[in-house]
Amino acid sequence: MSSLDSLSGYIARMKQPDTLVCGVAAMMADKFDWSCLWTRVVWALAVIMNPSLGLLVYFVLALVLPKWQKSGY
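Everything numeric in this text was worked out from a predicted model, so none of it was measured. (Residues numbered from 1 in each chain as written. Predicted model: local features only at pLDDT ≥ 70, side-chain atom pairs only at ≥ 80, totals over all residues. Heavy atoms only, no water.)

Peer 1: I keep staring at a nonpolar patch on the surface and nothing clicks. Help me out?
Peer 2: A cluster of nonpolar side chains, Phe-32, Trp-34, Leu-53, Leu-56, Val-57, Val-60, Leu-63, Val-64 and Trp-68, forms an exposed patch at the surface whose accessible area comes to about 860 Å². Looking at the element boundaries, Val-60 is found in helix 4 (residues 51-64). (Patch = residues over 30% accessible without salt bridge, like charges linked within 9 Å, V, L, I, M, F, W, Y side chains within 5 Å. Areas by Shrake-Rupley, 256 points an atom, 1.4 Å probe, with all protein chains shown as cover. Salt bridge = Lys/Arg side-chain N within 4 Å of Asp/Glu carboxyl O. Helix = DSSP H or I, 4+ residues; strand = E, 2+ residues; numbered from the N terminus.)

See the structure below:
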């Protein structure tokens, strides 16, 4: 398996709206109609840049997002 095959498999996995850890990025992408891939990339960057604050916000959103109703337009 070449590195290109593994990279395309990784990108395909990140685009799927299945849950990774708590599924916060997938829930946010669904609620705001964002790209699941780019939402996960932004979350990864936020956690890498400031792990304590990024993880705190992530787990708070994991508790809040399932209870938050999607507003109808």
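Peer 1: Could you clarify how one ought to interpret the environment of Val-57 in this entry?
Peer 2: With respect to the element layout, Val-57 can be found in helix 4. Residue class for Val-57 comes out partly exposed when judged on its relative accessible area of 35%. The sequence separation of Val-57 and Val-47 amounts to 10 residues, and the corresponding C-alpha distance is 9.5 Å. (Buried < 20%, exposed > 50% of the residue type's maximum accessible area, 1.4 Å probe, protein only.)

Peer 1: Would you take a moment to explain the packing of helix 2 (residues 24-32) against helix 3 (residues 36-49) for this structure?
Peer 2: Two elements in contact, helix 2 and helix 3, have axes separated by 9 Å at closest approach and are oriented at 130°. By the criterion of interaxial angle, the relationship of helix 2 to helix 3 is oblique. Seen along the crossing, helix 2 lies across helix 3 with a hand that is right-handed. Only Cys-36, Thr-39, Arg-40 and Trp-43 of helix 3 make contact with helix 2, whose side of the interface consists of Val-24, Ala-25, Ala-26, Met-28 and Ala-29. Split into classes, the residues belonging to the contact of helix 2 with helix 3 amount to 7 nonpolar, 1 polar and 1 charged. (Axes fitted to C-alpha atoms, helices over the stretch in contact; angles between N-to-C directions. Parallel < 35°, antiparallel > 145°, perpendicular 65-115°, else oblique. Left-handed = near helix turned anticlockwise from the far one by under 90°. Contact = heavy atoms within 4.5 Å. Nonpolar A, V, L, I, M, F, W, Y, C, P; charged D, E, K, R; others polar.)

Peer 1: What is the right way to look at the environment of Tyr-58 in this model?
Peer 2: Checked against the element boundaries, Tyr-58 lands in helix 4. Taking the C-alpha atoms as reference points, Tyr-58 and Trp-43, 15 residues apart in sequence, are found 8.3 Å from one another.

Peer 1: Where do I start with helix 4 in this structure?
Peer 2: Over its 14 residues, helix 4 runs 20 Å from end to end, which matches the ideal 20 Å to within 8%, given 1.5 Å per residue. Along helix 4, the residues that are buried comprise Gly-54, Tyr-58 and Ala-62. Projection of helix 4 onto a plane perpendicular to its axis shows the buried side chains occupying an angular sector of 75°, all on one side. The exposed residues of helix 4 that point more than 90 degrees off its buried face are Ser-52, Leu-56 and Leu-63. Buried residues belonging to helix 4 abut helix 2 and helix 3. (Expected span 1.5 Å × (residues − 1). Arc of directions from axis to C-beta.)

Peer 1: Sorry if this is basic, but what is going on with helix 3 here?
Peer 2: Since one α-helical turn is 3.6 residues long, residues separated by three or four positions face the same way. With 14 residues, helix 3 extends 20 Å between its outermost C-alpha atoms, agreeing within 8% with the 20 Å of an ideal straight helix rising 1.5 Å per residue. Along helix 3, the positions that sit buried rather than exposed are Cys-36, Leu-37, Thr-39, Arg-40 and Trp-43. Summarising the axial view, the buried residues of helix 3 lie within an arc of 165°, below the 170-degree limit, and thus occupy one face. Among the exposed residues of helix 3, those pointing more than 90 degrees away from its buried face are Trp-38, Val-42, Ile-48 and Met-49.

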